[in-house]
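Here's the letter readout for the chains.
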Amino acid sequence: MSLLTVHNLSTHFDQRDGRVHAVDGVSFAIDPGETLGLVGESGSGKSVLNLSYLRLIPEPPGVISGGPVLFHGRDLLHLSEEALREIRGKAIAMIFQDPMTSLNPFLTVGRQLTEVLEAHTTLSRRRALCEAIDMLDRVGIADGARRMDDYPHQLSGGMRQRVVIAMALLCRPQLLIADEPTTALDVTIQAQILELLTSLQQEFRMAMILISHNLGIIAGVCDRTLVMYAGRIVESASTAQLFAQPTHPYTRALLAAVPRIDDARQARLASIRDQPPDLARLPSGCRFHPRCDLIEDRCRESEPPLIDVAPRQCAACWITTQQPTEG
Amino acid sequence: MADEALITMEDVHVHFPVHCGVLRRKTLGVVRAVDGLSLVIHRGETLGLVGESGCGKSTAGRALLQLIRPTSGRVFFRDTPLTELRGEGLRRMRRHFQMIFQDPYASLNPRMTVGAIIAEPIRLHHVARGSAVQSAVQSLMQRVGLNPRFIRRYPHEFSGGQRQRIGIARALAARPEFLVADEPTSALDVSIQAQILNLLVDLRHELHLTYLFISHDLAAVRHMSDRIAVMYLGNVVELAPAAEIYAHPQHPYTQALLSAIPIPDPRAEQQRHRTVLHGDLPSPLRPPSGCPFHTRCPVALAHCATIAPLFKEYAPKHSAACHRLERSPA
C-alpha cells in the first residue's frame, strides 16, 4: 500500500495581474521506503506541490483545491491544524535548501534539536539531550556533545545541513521531503550529504521525496522520478527508464541540455528555446508547445493527458505517446 | 594557433587583512585568497578555472582584471604590465578586457534602460559617437539574441536569461579581446544555461575572443574550456588540457572533485567509484602547513604536512602540485 497518495492537487495564487496556477492537477503516490525524485526548473511547482499538502502555503493568498491527499488513510487537506501538527515534523519531515535560513540564528544547536523532541515526544530533558547527541553522531558530527552549545553561524554550510538533517530525523519520520538539500553546498560536500541521506534512509527505512533541478543527483539517488513543467507532471517513470527512454519532449530536451563530465566535448548543447511560460498566462493546449519542436495543431488546441506508455512509465504528450486523435 | 600569451599572471598574491575590535585597529590575521598564483592564458583559448567556494577563483579573476589590486605579483596583458598602470592609463587598457558577472540581477543598474547600459562602455571607450552609438547598441542586442525593440526597457522587465544576455552585450560593447566570465550560468535554469553557454561559444568563434571561464560546475567548464586549472585554497593544484584532466586527473583533489560530480545517467552512476572527501575546506585565515590539501587528502604522506609540494609538469602540458607524483613519475 502507498504511504502517501496525492490525488488531483491544485494550488493557485490570486494576484493583481491574474491567477497564478503554481500546481495544476497533480497526482502521485509514494511507497514506504521508496525514493521519489521530483525534477523541474524554477517555477515548475515542485516546491509548492509539497508545501501544499503539508498545508504550509499561507491561505490566502494561496488556494489549495482538489485532493484527497491520503497519508495512512487520513486526508491531510481536511485535518485540523492540531492533528496536522502531529504529523508534520514527526511522521513527515522536511529539509530545505538553505541550512542557514532553516536554523534559528539565536538558538544553540542543542536547543533547536531538543525543541523538536519536546514538541513531539514525552522524553525527559536529559533523555532528549542524549537522543540529540546520538543523532548528531549518526549524521557524522563526531563531537556532538561539544557542538550542542554552538550557534549555527559557528558551523560550516555542510555541518549546518547535517544539523538540519539530524533535526528532521529525530522523530524517525516515515517520509522525508528533501527540497534541494545540496544546492547551497559545494560538490565535495554535496557528495557527503547525499551519501549520508541515502544511508540514513536505509537505516531508518523511510521514504524520501528528493526535489532537485540537478538531473545528476536524481540519477544517482532516486528509484522513480517525476518531471514537472509549468505546474504539471509531464512524465513519470522509474529513474532507469526515464534516463534510458525519455518520452516527453521536455524530458528529452532537459537531458540533452545538460553538459556532462563523462562526455566528449560537443560543439553545442541542445538548448530549449525561449523560457518557461508565465504561470498567470499559460499557453493554450500543451503547456510546452511554444518551446517544442514536434508540434501539431492539437498540441495548441487541447492539453494532453498523462497516459501509460510502458509499464510504470507515463507521459503527457500527443505526439510521442502516439495517441489517436480524439473525435 | 601558436601559443601566444595574451594574459600572464606572475606570482600573484591577494591578501585581505581581517580586523577586529571596535575601531578595527587590531589585525586578526590575513586571508590569503590568492596565494602565489602564476598562470598564462593563450590568445584564442578558453581557460577554465574551477574550484569550490572560497578557493579564490573569483578573486583571481578580479585580480587579473585589476578590479582588486593584487597585494604583490604582476599581471601582463600582452607586454603591458597592468599591475603598474594607474588611472587613465589603466582605463584605456580596460576596453581590451571585460567581465561577465554571475548574478544578472545584481550586476545591472535597475534605473538604466538596456540601451543606456550597453551604450555606456561604447561612449566611455570612444568606440562610436553620435548616432552611431544607437546603431552599435542595436546590433549588439541582435548579436546576443535580444530583440532591439526592447532598447528602452528596464532590467526588471527581462527574465534571468535575457538579463545575462544584456550583461554579455555590455561586456562586448567595448570590443574586447579577452573576457572573464565568472559563474555566468550559475543563477540560471538548466534550459536557459544551455542557451547562454551556446551563445558564449558562438561569440568566441565569431569575434575571436579569449575567455577565462570561472565556475564551480565542472561539467560546464569541461564543455567550454580548452585547458582547465583546478584551484584549492588560493592556488592552482592542477593544470591540463580539458580532455586530459578528465581522463587522467593526477592530483588527489581533482580526482575527488571529479568523482563527486553527479552524472545524469543512472547506469553510469551505479558503476562509478566515488571518493568522498571528509571534512570541510580549511579556513583561508589559517591555511594548513605543507600541502594545503593534506588535511583532507585520502593518500597523504607524512611529509605532506610539513613540506609544500612544487607545481611541476609531469606529462606534456599537464602540471600538478603533489608529493605523490614526485615518487612515481608519470
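About the thresholds
Residues numbered from 1 in each chain as written. Chains lettered and ligands numbered in written order. Predicted model: local features only at pLDDT ≥ 70, side-chain atom pairs only at ≥ 80, totals over all residues. Heavy atoms only, no water. Helix = DSSP H or I, 4+ residues; strand = E, 2+ residues; numbered from the N terminus. Rg over C-alpha atoms; globule rule 2.2 N^0.38 Å. Buried < 20%, exposed > 50% of the residue type's maximum accessible area, 1.4 Å probe, protein only. Contact = heavy atoms within 4.5 Å. Areas by Shrake-Rupley, 256 points an atom, 1.4 Å probe, with all protein chains shown as cover. Phe/Tyr/Trp six-rings, centres within 6.5 Å; stacked < 30°, edge-to-face > 60°. Pairing = 2+ DSSP bridges. Axes fitted to C-alpha atoms, helices over the stretch in contact; angles between N-to-C directions. Parallel < 35°, antiparallel > 145°, perpendicular 65-115°, else oblique. Left-handed = near helix turned anticlockwise from the far one by under 90°. Nonpolar A, V, L, I, M, F, W, Y, C, P; charged D, E, K, R; others polar. Expected span 1.5 Å × (residues − 1). Arc of directions from axis to C-beta. Core = buried A, V, L, I, M, F, W, Y, C linked by side-chain atoms within 4.5 Å. pLDDT = per-residue confidence, 0-100. Buried area = accessible area lost by both parts, 1.4 Å probe. Salt bridge = Lys/Arg side-chain N within 4 Å of Asp/Glu carboxyl O. Polar contact = N/O pair within 3.5 Å; in protein donor to acceptor, adjacent residues only side chain to side chain.

Draft legend 1. The overall build of chain A, seen in detail. When its secondary structure is counted, chain A shows 12 helices and 13 strands. Its C-alpha atoms give chain A a radius of gyration of 21 Å, within 12% of the compact-globule value 20 Å for 327 residues. In terms of principal-axis extent, the alpha carbons of chain A reach across some 70 × 50 × 40 Å. For chain A, the residues scored as buried account for 55% of the 327 residues in total. Residue pairs at least 24 apart in sequence account for 64% of intrachain contacts in chain A once pairs closer than 6 positions are excluded. For chain A, the exposed area adds up to about 14300 Å²; of that, 50% sits on carbon and sulfur atoms.

Draft legend 2. A look at the packing of aromatic side chains. Taken as a whole, this structure holds nine aromatic pairs over all chains when the rule is applied. Geometrically, the ring pair formed by F150 of chain B and F158 of chain B is edge-to-face, given 6.0 Å between the ring centres and 65 degrees between the ring planes. Between Y232 of chain B and Y253 of chain B, the ring centres sit 4.5 Å apart and the planes meet at 55 degrees, which makes this aromatic pair tilted. Taken together, the residues Y232 of chain B in strand β9 (residues 227-232) and Y253 of chain B in helix α9 (residues 252-260) connect sequence positions 21 residues apart. Taken individually, Y232 of chain B and Y253 of chain B each receive the classification buried, so the pair is uniform in this respect. Every member of this aromatic cluster is reached through a ring pair, and the members are Y229, Y250 and F288 of chain A.

Draft legend 3. Region of the structure containing the pairing of β9 of chain B. All names here are of chain B. Most of β9 is tucked away: six of the six residues are buried. Pairing of strand β3 (residues 46-50) with β9 involves four bridges; the strand directions are parallel. Among the inter-strand pairings, L47 is bridged to a residue of β9, identified as R227. Inspection of the sheet shows β9 paired to strand β10 (residues 235-241) by six bridges, in the antiparallel sense.

Draft legend 4. Main features of the packing of helix α5 (residues 160-172) of chain B against helix α6 (residues 190-207) of chain B. Residues and elements named next belong to chain B. Their axes nearest at 10 Å, the elements α5 and α6 cross at an angle of 20 degrees. One way to sum up the angle between α5 and α6 is to call them roughly parallel. Along this stretch, α5 crosses α6, giving a crossing that reads as right-handed. For the pair α5 and α6, the contacting residues are G161, Q164, R165, I168 and L172 in the first and I192, Q195, I196, L199, L200, L203 and L207 in the second. A class-by-class count of the residues in the contact of α5 with α6 yields eight nonpolar, three polar and one charged.

Draft legend 5. Just helix α4 (residues 131-143) of chain B, in detail. All names here are of chain B. Its 13 residues give α4 an end-to-end C-alpha distance of 19 Å, which sits within 8% of 18 Å, the value for a rise of 1.5 Å per residue. Every buried residue of α4 is accounted for by V133, A136, V137, L140 and M141. Projected onto a plane normal to the axis of α4, the buried residues spread over an arc of 135 degrees and lie on a single side. More than 90 degrees from the buried face of α4, the exposed residues found are S131 and Q142. The first or second residue beyond α4 is G145, which carries a positive phi of 85 degrees.

Draft legend 6. View of the sheet that holds strand β8 (residues 175-179) of chain A. Residue and element names in this part refer to chain A. Here we have eight strands laid out as an open sheet, ordered β7-β8-β9-β3-β10-β11-β13-β12, and mixed in their pairing. Because the sheet does not close on itself, it has two edges, and the strands there are β7 (92-95) and β12 (307-310). The average undirected angle you get between the axes of adjacent strands in this sheet is 20 degrees. The pairing of β7 with β8 spans four bridges and is classified as parallel. Note on β8: the bridge partner recorded for M94 is I177. Seen against the sheet, helix α7 (residues 157-169) touches β7 and β8 and runs at an angle of roughly 170 degrees to β7. Across the face of the sheet, helix α11 (residues 249-257) comes into contact with β10 (224-229) and β11 (232-238) while running at roughly 100 degrees to β10.

Draft legend 7. Local environment of the nonpolar core. Among the nonpolar cores identified, the biggest contains 172 residues, and L4, F28, Y53, L76 and I209 of chain A are the most heavily contacted of them. Not counting residues up to four positions away in its chain, the partners in contact with I209 of chain A are L4, F28, I30, L36, L38, N50, Y53, L175, L176, I177 and A178 of chain A.

Draft legend 8. Spatial organisation of the sheet that holds strand β4 (residues 72-77) of chain B. Residue and element names in this part refer to chain B. Read from one edge of the open sheet, four strands run β2-β1-β4-β5, paired in antiparallel fashion. The two strands at the open ends of the sheet, each matched to only one other strand, are β2 (26-42) and β5 (80-81). Two strands pair when backbone bridges link them, and strand β1 (residues 5-20) and β4 are joined in this way by five bridges, in the antiparallel orientation. Across the sheet, the residue bridging to I7 is F77, located in β4. In this fold helix α1 (residues 57-64) packs onto β1, β2 and β4, with an angle of close to 115 degrees to the strand it touches most, β1.

Draft legend 9. The confidence of the model for chain B, seen in detail. Predicted confidence across chain B gives a mean pLDDT of 89, with 97% of residues reaching 70 or more. For this predicted complex, the interface confidence comes out at an ipTM of 0.79, alongside a pTM of 0.86.

Draft legend 10. Quick peek at the interface of chain A and chain B. With 45 residues of chain A in contact, the opposing surface of chain B contributes 45 residues. Each partner contributes to the roughly 3600 Å² buried at the junction of chain A and chain B, and carbon and sulfur atoms together form 56% of this total. Connecting chain A to chain B are one salt bridge. In this assembly, chain A and chain B are joined by 11 residue pairs in polar contact (both at pLDDT 80 or more).

Draft legend 11. Geometry of unusual backbone geometry. Of note, the bond from E59 of chain A into P60 of chain A is cis; its omega dihedral lies within 30 degrees of zero at -15 degrees. For P60 of chain A, the position within the fold is in the loop between α1 (46-53) and β4 (62-66). Residue P61 of chain A is reached from P60 of chain A by a cis peptide bond, and omega for that bond is 5 degrees. With respect to the helices, strands and loops of the structure, P61 of chain A is situated in the loop between α1 and β4. The backbone of E180 of chain A sits at a positive phi, close to 50 degrees, despite the residue not being glycine. A positive phi angle, close to 50 degrees, is found at H208 of chain B, a residue other than glycine.

Draft legend 12. Layout of the confidence of the model for chain A. The share of residues in chain A with pLDDT of 70 or more is 97%, and the mean pLDDT across the chain is 88. Averaged pLDDT values over the elements of chain A bottom out at 80 in helix α3 (residues 99-102) of chain A and peak at 95 in strand β3 (residues 35-39) of chain A.

Draft legend 13. Quick look at the side chain of T225 of chain A. Residues and elements named next belong to chain A. Along the chain, T225 falls in strand β10. Classification of T225 by relative accessible area gives buried; the value is 0%. Within the structure, the side chain of T225 is placed 2.9 Å from the side chain of T239, a separation counted as a polar contact.

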